[in-house]
Structure formats: structure tokens, C-alpha cells
Amino acid sequence: EKMASREKERHRRRSRSRSRSPQRPRSGRRRSRERSPVRSDQQVDDRGRKRKDEEKESTAHIEARDFSHSGKLLEDTNTFKGVVVKYSEPEEARKPKRRWRLYPFKGNEQLDVLYVHRQSAYLIGRERRVCDIPMHHPSISKQHAALQYRLVTQPDEDGIPRRRVKPYLIDLGSTNGSYVNNQRLDPSRYYELKEQVRAF
């Protein structure tokens, strides 16, 4: 009986040792766990204040910029023959169907008639390279004014709105100004030209 009990005990030990999974050898190194930095409330407040100060500085920098017209954009987009053209036609610019004419005078002497119906706008001034109607008088600026045809909607005699192409004169900020029937025009504003009016 003692021999049988001993054999049973040995058999139990062998079955236990077989059922156990082999353990992996432990390496001497331990994995270092990443720890998130612990910040105090004071550090968080300081960082928030710093960001707000940076945002205020950037906003102040933007507000302090000068957004006035520098002429650089116009220089890139509206240059003709190496000359920066001050004037750009509006969206309502149209070529007229009526054959409008200008009768220039030099003192009391009438010069050749100018036919001004072949294009939608005519630039007037002393700069011959860009001006469609060059003038040589010293009182005229290099780019003095522009004759512009515009498609506008106006009521007729019966009050019905009609779309028509009409001539307008605009002063381009000239030194001595532009005149219609001896009345000086405000710069950068369109003035409708009627038949038989005197300009300049």
C-alpha cells in the first residue's frame, strides 16, 4: 500500500510539471512607461495668457497695416506699352451703336472731327503711348480723363425703363480738372454727356 501511494504521488507530480507552461526568461531591462507631464494650474494659466497675448499682437499687427491703394496691383494688371494706365473700364462698358463725334477747337479754330464710336472707351491726356485722344496743352495731365460708354437703364418719356448705351466723362484726378459747360467735375465720378455740350 505504501508503494502504491508513492507511485501515485510521483504520477501527480509528473502530470503537474507537464501541464505547466514554460516561463519566458525575464530580461534584465524593464520597459519604461511614458508619463504625461504633470502641469500645475499656474502653468496652464500662464500658457493661456501667453497665447492670448500672441493673438492680440497679431491682431494689432493686422489692424496697423495700410490697406490704401499702393498702385502695385494696378501696375501688374493694367500696364500698356510700359505705362501704368490709371483707368479701367467698368462692367457695364459697351460699344455704342450711334456714331458719336467730337468737334475739337483750338481757340476759335475748329480742328478735324474725331469719330468716337469705334470702341467703348477713349483715354484723354498728354501720354501719347496710352491715350486714344492725345492733347498737348500744358494744362492737360498725362492721363487726364476718359470718355466711357456705359449700358444704363433709364425711363423713357412714357416712364418705361429702357436700356441704352450713353457717353460719360470721368476725370482721373487731373491737376487742373475737367469741365463740362464751364462746370468743374468731381474726380472719379461719371457725368453723362448730352449732345452739343462743351467739355474741357
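Quick note: structure is the one above.
Described in the following lines is the structure provided in the data block. None of these values were measured; they are calculated from a predicted model.

### A word on the overall build of the protein chain
Across its full length, the protein chain carries 3 helices and 13 strands. Taken across its 200 residues, the protein chain has 22% of its residues classed as buried. Within the protein chain, counting contacts between residues at least 6 apart in sequence, those at least 24 apart form 38% of the total. When the accessible surface of the protein chain is totalled, it reaches about 18000 Å², and 45% of it is carbon and sulfur.

### Some details on the pairing of strand β7 (residues 121-125)
When a strand is regular, its side chains alternate between the sheet's two faces. Buried residues dominate β7, accounting for 5 of its 5 residues. Here β7 shows no split at all, with A121, L123 and G125 on one side and Y122 and I124 on the other all buried. Relative to strand β9 (residues 145-155), β7 is paired through 4 bridges, and the arrangement is antiparallel. The residue bridging Y122 from the neighbouring strand is L147, located in β9. Summarising the sheet, β7 and strand β8 (residues 133-134) pair through 2 bridges and their orientation is parallel. Pairing of I124 across the sheet is with I133, part of β8.

### Some thoughts on the nonpolar core
Counting residues in each nonpolar core, the largest one holds 12 residues, listed as W100, V116, Y122, I124, I133, A145, L147, Y149, L169, V180, L185 and L193. Put simply, the parts of the chain that give this core at least two residues each are β7 and β9. Residues in contact with L147, not counting those within four places in the same chain, are V116, S120, A121, Y122, I124, P167, Y168, L169 and L193. In this structure, Y87, C131, A146 and L172 belong to the second largest nonpolar core, which totals 9 residues.

### Observations concerning the packing of aromatic side chains
Summed over all chains, the structure comprises 1 aromatic pair. Taking the centre distance of 6.3 Å and the plane angle of 80 degrees together, the rings of Y168 and Y190 count as edge-to-face. Of this pair, Y168 sits in strand β10 (residues 161-171) while Y190 sits in strand β13 (residues 190-192); the two residues are 22 residues apart in sequence, bridging distant segments of the chain. With relative accessibility at 24%, the residue Y190 sits in the partly exposed group. The ring of W100 is capped by R98, whose NZ or CZ atom sits 4.7 Å from the centre of that ring.

### Observations regarding the pairing of β10
As paired strands, β9 and β10 are joined by 11 bridges and run antiparallel to one another. The partner of P155 across the bridge, within β10, is P161. Two successive antiparallel strands, β9 and β10, enclose a turn made up of 5 residues, where G159 displays a positive phi of approximately 85 degrees. As judged from the 3 bridges shared by β10 and β13, these two strands associate in the antiparallel manner.

### Details of unusual backbone geometry
You will see that N181, though not glycine, has its phi angle at about 55 degrees, which is positive. Looking at where N181 falls in the secondary structure, it is placed in the loop between β11 (179-180) and β12 (183-184). A relative accessible area of 44% means that N181 is categorised as partly exposed. In this structure, N182 takes a positive phi of about 65 degrees despite not being glycine. Tracing the chain through its elements places N182 in the loop between β11 and β12. A residue is classified by how much of its surface remains accessible, and N182, at 72% relative accessible area, is exposed.

### Notes on the pattern of salt bridges
Applying the stated criterion to the full structure yields 7 salt bridges. In this structure, R150 engages E92 in a salt bridge whose closest nitrogen and oxygen atoms are separated by 2.9 Å. On the criterion of sequence distance, the pair formed by R150 in strand β9 and E92 in the loop between β2 (83-84) and β3 (101-102) is long-range, its members being 58 residues apart. Several salt bridges converge on common partners, so that one network encompasses K166, E192 and K194.

Rules and cut-offs
- Residues numbered from 1 in each chain as written.
- Predicted model: local features only at pLDDT ≥ 70, side-chain atom pairs only at ≥ 80, totals over all residues.
- Heavy atoms only, no water.
- Helix = DSSP H or I, 4+ residues; strand = E, 2+ residues; numbered from the N terminus.
- Buried < 20%, exposed > 50% of the residue type's maximum accessible area, 1.4 Å probe, protein only.
- Contact = heavy atoms within 4.5 Å.
- Areas by Shrake-Rupley, 256 points an atom, 1.4 Å probe, with all protein chains shown as cover.
- Pairing = 2+ DSSP bridges.
- Core = buried A, V, L, I, M, F, W, Y, C linked by side-chain atoms within 4.5 Å.
- Phe/Tyr/Trp six-rings, centres within 6.5 Å; stacked < 30°, edge-to-face > 60°.
- Lys NZ or Arg CZ within 6 Å of the ring centre and 35° of its normal.
- Salt bridge = Lys/Arg side-chain N within 4 Å of Asp/Glu carboxyl O.

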